[in-house]
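Overview (structure and organization)
Chain by chain, the residues run as shown.
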Amino acid sequence: MMHALQAIGGKWKLLLLDSIRKECPKRFGELRKELEYITHSTLTAQLRELERDGILEREVFAEVPPRVEYRLTELGKKLIPVMDALCMWGEEYGRKGR
């Protein structure tokens, strides 16, 4: 359990992963617009941690302006059923008026 929480715990990581799984690959600018309340530095740090942990891969394109895309790795794709289960649980929890 501890390893899982270290990899995907925190305020933003599951939201980032959910966004990327719905539209993969996802550009940095798209993530920035979609999650408007996250600061640029926090977004960058969270993405770097997910990349470091092997959950995301980052691709940089040598263009002007630079383009950076993120996609789930094979390890990251294994989180999809977990995220689906969390979403279902959250919907059920929300219906109970909490």
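My aim in this report is to walk through the structure given alongside it, one point at a time. (Residues numbered from 1 in each chain as written. Predicted model: local features only at pLDDT ≥ 70, side-chain atom pairs only at ≥ 80, totals over all residues. Heavy atoms only, no water.)

1. Looking at the pairing of strand β2 (residues 56–61)
Pairing geometry for β2 and strand β3 (residues 67–72), over six bridges, is antiparallel. Following the sheet pairing, L56 is matched in β3 by L72. Once β2 ends, the chain turns through five residues before running back antiparallel as β3. (Pairing = 2+ DSSP bridges. Helix = DSSP H or I, 4+ residues; strand = E, 2+ residues; numbered from the N terminus.)

2. Let's talk about the nonpolar core
In terms of nonpolar packing, the biggest core is built from 20 residues, with L16, L17, L47, L56 and Y70 touching the most fellow members. Contributions of two or more residues to this core are made by α1 (2–8), α2 (13–22), α3 (28–34), α4 (40–52) and β3. With residues up to four places along the chain from it excluded, the contact list for L56 reads L17, I20, L47, L50, E51, Y70, R71, L72 and T73. (Core = buried A, V, L, I, M, F, W, Y, C linked by side-chain atoms within 4.5 Å. Buried < 20%, exposed > 50% of the residue type's maximum accessible area, 1.4 Å probe, protein only. Contact = heavy atoms within 4.5 Å.)

3. Considerations on the environment of K22
With respect to the helices and strands, K22 occurs in helix α2. Judged by its relative accessible area of 62%, K22 is exposed. Expressed as a C-alpha distance, the spacing of K22 and L56, which sit 34 residues apart in the sequence, is 14 Å. A polar contact is formed between the side chain of K22 and the side chain of D18, at a distance of 3.0 Å. (Polar contact = N/O pair within 3.5 Å; in protein donor to acceptor, adjacent residues only side chain to side chain.)

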